[in-house]
Amino acid sequence: MPKTFKNLYPSIYDFENLYFAYLKARRSKRYRSEVLEFTSNLEENLLQLQNELIWRTYRTGRYREFYVHDPKTRLVMALPFRDRVVHHALVAVIEPIFERRFIFDSYACRPGKGTHAGANRVTFFLKKLTRLHGRVYCLKADISKYFPSINHRILKELIRKKIVCPGTLWLIDEIIGSAADPSNPDPKGIPIGNLTSQLFANIYLHELDIFVKHTLKARYYVRYMDDFVLLSPNKDELWEYKREIQVFLADRLNLALNGKTSVFPISQGIDFLGYRIWPTHRLLRKNSIKRMKRKLKIFRKKYSEGRITMDRINASIQSWLGHCKHANTYNLRQKLLGEFTLKRGDPDGHGNAGGPPDPFGAPSRQVGSQPGAPGTKDWPSGTDTGCHNGGSK
């Protein structure tokens, strides 16, 4: 009989656990107004949360809704800071229970995993299969509207396979139902933006992982949240996998594959985790390059008008370079950043300075056009990013 866990709840509302949850929740956000307000009376606020959890009077606060458009338009629902502390406290206790069950090749929102590790695993599989078989095919699939489609009843059943602690289940049910439509007798959907949603989403699709690995016995499978790839030298085998996965998702999880799901030869490259991946090399997605070009244009305009600091521009570019270093991007970086020039009062980057003085106290700066010139700022491609050879690692 599978091992189950009880008596977890006291560990969740333990004061020390709540304090460490507070530290995690405030990370990179400590100077926001709601975090400063919570911190100003920290002990009292944590004791208040602890008492609400002990007596089960805790109720989830009101969500703040907004849309993000990078690259898809998604509705994000953000909770007040005190609720995020509770989510961190819960995840700290229950995540290790489920983490031990997850398969190796699930890469989203897990310790030691992530997009780069997932892309490296796909590359490893591609090289191995190409060496063994020559011609290789890919089934590239994703779940249609995954987060809004997660069925609450099924999710609760899956969690109850491992957790039988009444207090913990009460808190989990409170969080799952916090954004549900009260008029829907069979509610669906968990908010994008909750820390717990990331764990719940992995628990839900762990069922698919087990089906693919144990029932279909597919060896070359990599999943990142609702996106996954299957590789095989046999194209017909992949089409059969697709049919069986469609049936499993519909019958067991009330999910469906996106209409873009397809089988194709890997010579086309696999568009996965922000890269286009081949056995021999890796490139950035075309959309990623277009977005960066748009960003640089916006940065130039905002910097010219004094509406953004050099530090913010640099942070964004360094983040992009960190993504670049896992692909063959040397020439791309040389071209984009070599042409990127910043000056106050020069929105087009043509050196026509003469706008208002820098409100941040910085001199007019150029990026990449005149290396080493006085008053300039350069981003040589690959500087301090490990990108010098442009290769994947």
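Scroll up for the structure.
Report follows, based on the coordinates. (Residues numbered from 1 in each chain as written. Predicted model: local features only at pLDDT ≥ 70, side-chain atom pairs only at ≥ 80, totals over all residues. Heavy atoms only, no water.)

Moving on, we get to unusual backbone geometry. The phi angle at K145 is positive, at roughly 45°, despite the residue not being glycine. Its location among the elements puts K145 in the loop between β3 (137-142) and α7 (146-149). Given a relative accessible area of 64%, K145 falls into the exposed group. If you check the backbone angles, K217 has positive phi at about 55° while not being a glycine. Relative to the helices and strands, K217 is located in the loop between α10 (195-215) and β4 (221-224). (Helix = DSSP H or I, 4+ residues; strand = E, 2+ residues; numbered from the N terminus. Buried < 20%, exposed > 50% of the residue type's maximum accessible area, 1.4 Å probe, protein only.)

Moving on, we get to the nonpolar core. Ranked by size, the top nonpolar core spans 71 residues in total, and within it Y146, I159, L171, L230, I245 and L249 carry the most contacts. The next biggest cluster of nonpolar side chains, apart from the first, holds 37 residues, and it includes M292, I317, L321 and L342. (Core = buried A, V, L, I, M, F, W, Y, C linked by side-chain atoms within 4.5 Å.)

Let us look at the side chain of R110. Relative to the elements of secondary structure, R110 occurs in the loop between α5 (81-99) and α6 (115-133). Since its relative accessible area comes to 9%, R110 is described here as buried. At a separation of 2.6 Å, a polar atom in the side chain of R110 contacts the side chain of E99. One polar contact links the side chain of R110 to the main-chain carbonyl oxygen of S106, over a distance of 2.7 Å. (Polar contact = N/O pair within 3.5 Å; in protein donor to acceptor, adjacent residues only side chain to side chain.)

All right, on to the pattern of salt bridges then. Tallying each qualifying case throughout the model produces 13 salt bridges. For R160, the salt bridge goes to D173, with nearest N and O atoms at 2.6 Å. Residue R160 is located in helix α8 (residues 152-160), and its partner D173 is located in helix α9 (residues 166-176); the two are separated by 13 residues in the primary sequence. We note a salt bridge from K301 to E305, for which the minimum N-O separation is 2.9 Å. On the basis of relative accessible area, K301 is assigned to the partly exposed category, the value being 41%. On the basis of relative accessible area, E305 is assigned to the partly exposed category, the value being 37%. Linked by salt bridges that have partners in common, R153, E157 and D186 make up one network. (Salt bridge = Lys/Arg side-chain N within 4 Å of Asp/Glu carboxyl O.)

Let's shift gears to helix α13 (residues 310-324). Look at α13: 21 Å from first C-alpha to last across 15 residues, which is about the 21 Å you get at 1.5 Å a residue. Among the residues making up α13, those that are buried are M310, I313, S316, I317, W320, L321, H323 and C324. All buried residues of α13 lie within an arc of 155° about the axis, which places them on one face of the element. Residues of α13 that are exposed and angled more than 90 degrees away from the buried face: D311, R312 and S319. Buried positions along α13 lie against α6, β8 (275-277), β9 (282-284), α12 (286-304) and α14 (330-338). (Expected span 1.5 Å × (residues − 1). Arc of directions from axis to C-beta. Contact = heavy atoms within 4.5 Å.)

Okay, the sheet that holds strand β5 (residues 227-232) next. With respect to topology, four strands assemble into an open sheet ordered β4-β5-β3-β6, the strand pairing being antiparallel. In this open sheet, the two edge strands, each paired with only one partner strand, are β4 and β6 (262-265). Recorded for the sheet is a direction-independent mean angle of 20° between the axes of neighbouring strands. (Pairing = 2+ DSSP bridges. Axes fitted to C-alpha atoms, helices over the stretch in contact; angles between N-to-C directions.)

What follows concerns a positive patch on the surface. Judged by side-chain charge, K286, K290, K293 and R294 come together as a positively charged surface patch. Looking at where R294 falls in the secondary structure, it is placed in helix α12. (Patch = residues over 30% accessible without salt bridge, like charges linked within 9 Å, V, L, I, M, F, W, Y side chains within 5 Å. Areas by Shrake-Rupley, 256 points an atom, 1.4 Å probe, with all protein chains shown as cover. Lys, Arg positive; Asp, Glu negative; His and termini not counted. Charge placed at Lys NZ, Arg CZ, Asp CG, Glu CD.)

Moving on, we come to a nonpolar patch on the surface. Taken together, the side chains of F15, Y19, F20 and L47 make up a nonpolar region of the molecular surface, amounting to roughly 330 Å² of accessible area. No other element matches the three residues that helix α2 (residues 15-26) contributes to the nonpolar patch. The topology assignment puts Y19 in helix α2. For Y19, a relative accessible area of 33% gives the class partly exposed.

Attention now goes to the pairing of strand β1 (residues 64-69). Counting buried residues in β1 gives zero out of six residues, a small share hidden from the surface. Note: β1 against strand β2 (residues 73-78), six bridges, orientation antiparallel. Along β2, the bridge assignment pairs F66 with V76.

Glancing now at α2. Compared with an ideal rise of 1.5 Å per residue, which puts 12 residues at 16 Å, α2 spans 17 Å between its outermost C-alpha atoms and is within 8% of the ideal. Restricting attention to buried positions, one finds in α2 the residues N17, L18, A21, Y22 and A25. Projection of α2 onto a plane perpendicular to its axis shows the buried side chains occupying an angular sector of 145°, all on one side. Sitting at the amino-terminal end of α2 is D14, which places a side-chain oxygen 3.1 Å from the backbone nitrogen of E16.

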